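# Report on the structure
Given next are the chains, with one letter for each unit.
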Amino acid sequence: MKVLHVCAELYPLVKTGGLADVCAALPAAQRSLGIDARVLLPGFAGVKAGVEPTGPALKLATRNAPPIVQALGPEVSIIPARLRGAGLPLWFIDAPAWYERPGGPYLDEQDRPWPDNAERFALLGWIGAQLGLGADPSWTPDVVHAHDWHAALAPVYLATTRRGPESAGSVLTIHNLAFQGRFPGELWPRLGLPAALFGIEGLEFYGEVSFLKGGILFSDALTTVSPRYAQEILTPEQGFGLDGVLRRRAQVLHGILNGVDYSVWNPATDAWLAQPYDLAQLDGKARNKAVLQRELGLAPRADAVLFGVVSRLTEQKGVDLIAPVLGDLVARGGQLAVLGHGDAAIERALEAACAAHPGQASLRDGYDEGLAHRIIAAADVILVPSRFEPCGLTQLYGMRYGALPLVRAVGGLADTVVDSSLEAIDDGRASGFVFHEATPAALDAAIRRAFALHRRGADWQRVQTHAMSLRFDWARAARQYGTLYDDIRSSSARLAS
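Notes on the structure in this doc start here. (Residues numbered from 1 in each chain as written. Predicted model: local features only at pLDDT ≥ 70, side-chain atom pairs only at ≥ 80, totals over all residues. Heavy atoms only, no water.)

### Remarks on the sheet that holds strand S14 (residues 305-310)
Reading across the sheet, the 6 strands line up as S16-S15-S14-S17-S18-S19 and stay open at both edges, with parallel pairing between neighbours. A single partner strand is all that each edge strand has here, and the edge strands are strand S16 (361-365) and strand S19 (433-435). Sheet twist, expressed as the average angle between the axes of neighbouring strands with direction ignored, equals 15 degrees. Sheet analysis places S14 next to strand S17 (residues 381-384), joined by 2 bridges and oriented parallel. Bridging from a neighbouring strand, Gly308 pairs with Ile382 of S17. The sheet strands contacting helix H13 (residues 369-378) are S14, strand S15 (334-340), S16 and S17, and the helix crosses S14 at an angle near 150 degrees. (Pairing = 2+ DSSP bridges. Helix = DSSP H or I, 4+ residues; strand = E, 2+ residues; numbered from the N terminus. Axes fitted to C-alpha atoms, helices over the stretch in contact; angles between N-to-C directions. Contact = heavy atoms within 4.5 Å.)

### Overview of the side chain of Asp444
With respect to the helices, strands and loops of the structure, Asp444 is situated in helix H17 (residues 440-455). The residues touching Asp444, leaving out its near neighbours within four places in the chain, are Val325, Asp328 and Arg332.

### Thoughts on the packing of aromatic side chains
One pass over the structure, following the stated rule, counts 16 aromatic pairs. Ring plane angle 50 degrees and centroid distance 5.8 Å describe the contact between Tyr106 and Phe121, whose orientation is recorded as tilted. Of this pair, Tyr106 sits in the loop between helix H4 (96-99) and helix H5 (117-132) while Phe121 sits in helix H5, and the two are 15 residues apart along the sequence. Residues Tyr106 and Phe121 agree in their burial class; the two are buried. With a centroid separation of 4.9 Å and an interplanar angle of 55 degrees, the aromatic rings of Phe183 and Phe211 are classed as tilted. Placement of Phe183 in strand S9 (residues 182-184) and of Phe211 in helix H7 (residues 211-218) is noted, with a sequence separation of 28 residues between them. For Phe211, a relative accessible area of 0% translates into the label buried. An aromatic cluster is defined as three or more aromatic residues linked by ring pairs; in this entry it consists of Tyr106, Phe121, Trp149, Phe183 and Phe211. A cation over a ring is seen here: Arg101 above Trp114, with NZ or CZ 4.8 Å from the ring centre. Stacked on the ring of Tyr262, the Lys or Arg Arg471 has its end atom at 5.5 Å from the ring centre. (Phe/Tyr/Trp six-rings, centres within 6.5 Å; stacked < 30°, edge-to-face > 60°. Buried < 20%, exposed > 50% of the residue type's maximum accessible area, 1.4 Å probe, protein only. Lys NZ or Arg CZ within 6 Å of the ring centre and 35° of its normal.)

Here it is, written out as structure tokens:
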């Protein structure tokens, strides 16, 4: 089985969130099961710096390409390469004018979307489809697996230009339905797609072009990153206007829970930590807490219940609920360490709340991979109060590091965290704290329960031990995707016969 993952992020080359972790770990897990999984990426500067080319460029003629691609010139190059150290085979698109820029992969240095994002990611989708159609005679995938809106045109171009049963099948994984790749309707003629597809039964969405809607309609199979999220996006509350389209395709929609790359997220081997630790040597966690307190300017209090946040600072992530409860959290003897970047108003509110409690609360703006590991290792509780959460990885990292997750009962958070009720503690299932309403009062009540459990040392240790022993490995998810790929290939063979 040969599978091409088409994505915009890959840890450690370029990362804005969990997408990068998934797109690195899933292909690696699949390769360990015998699936020939490879990756196609835009040639961002971080990508070029972190790979080793393995062969000459493959040049694709743009003569018959969509106008949006022809703008690059008579041909476009993709470079075969491998991740340095890891050896994961990949291609990157060599288009410096579109990908090698200051700022991030989607936003400029002022956090504004790049004005040509449609062109940049239509190119990614088109090249993914070309590889699925056999553009590289030495390796043609059986399945093109697109990730999120950035790659969602790959199944569209594949389906509208498919040459026969030998062409690849397609999967679209929706990592976050809130981000849909919507662009002005005037873009349509430049995409080179049939005119009839710009309508309510196609890629048109309230007068705009929706890349994600196209992927939903034209992929052979759809997945989300947790079983519960697969159900939630069928509802108006979490469907973001696409719930009707998704309900029409519900028979090919599957929820496959993300995993954790335990070669990266393992407190016993984590090079970012002041002192490695594991269940047998939990003293190391206390050492990491003391070191982080010094690093962030928090009071050196071993008895403080340290709450950590590693997140985009957005309304989706529920972090706007934290500032209103910080005063009570500190009054109860807690501390707060926040790492993230996002909405300016939320950042200002958190900054003001932390400033009001010097030595007990800290906010670091931006993203720092090492600091993220250190906060999770030091924290007693990791906060993930999301309004919606397709899967969430932070709560899984927290459990492995003995930081009990405090989460809202949505999406993958509900699928992975068992609340520390008396019954769940008694039968050994408890792994964190779960609340339901997206309000400061509900969050505060869950925080109070965390303090109460922390005062009962034996019960806290029992829950912590269980949480640290849980495993959400990628091998399970890789096997589920492998079964899905087999089904797609079998269906294609039946149709061909």
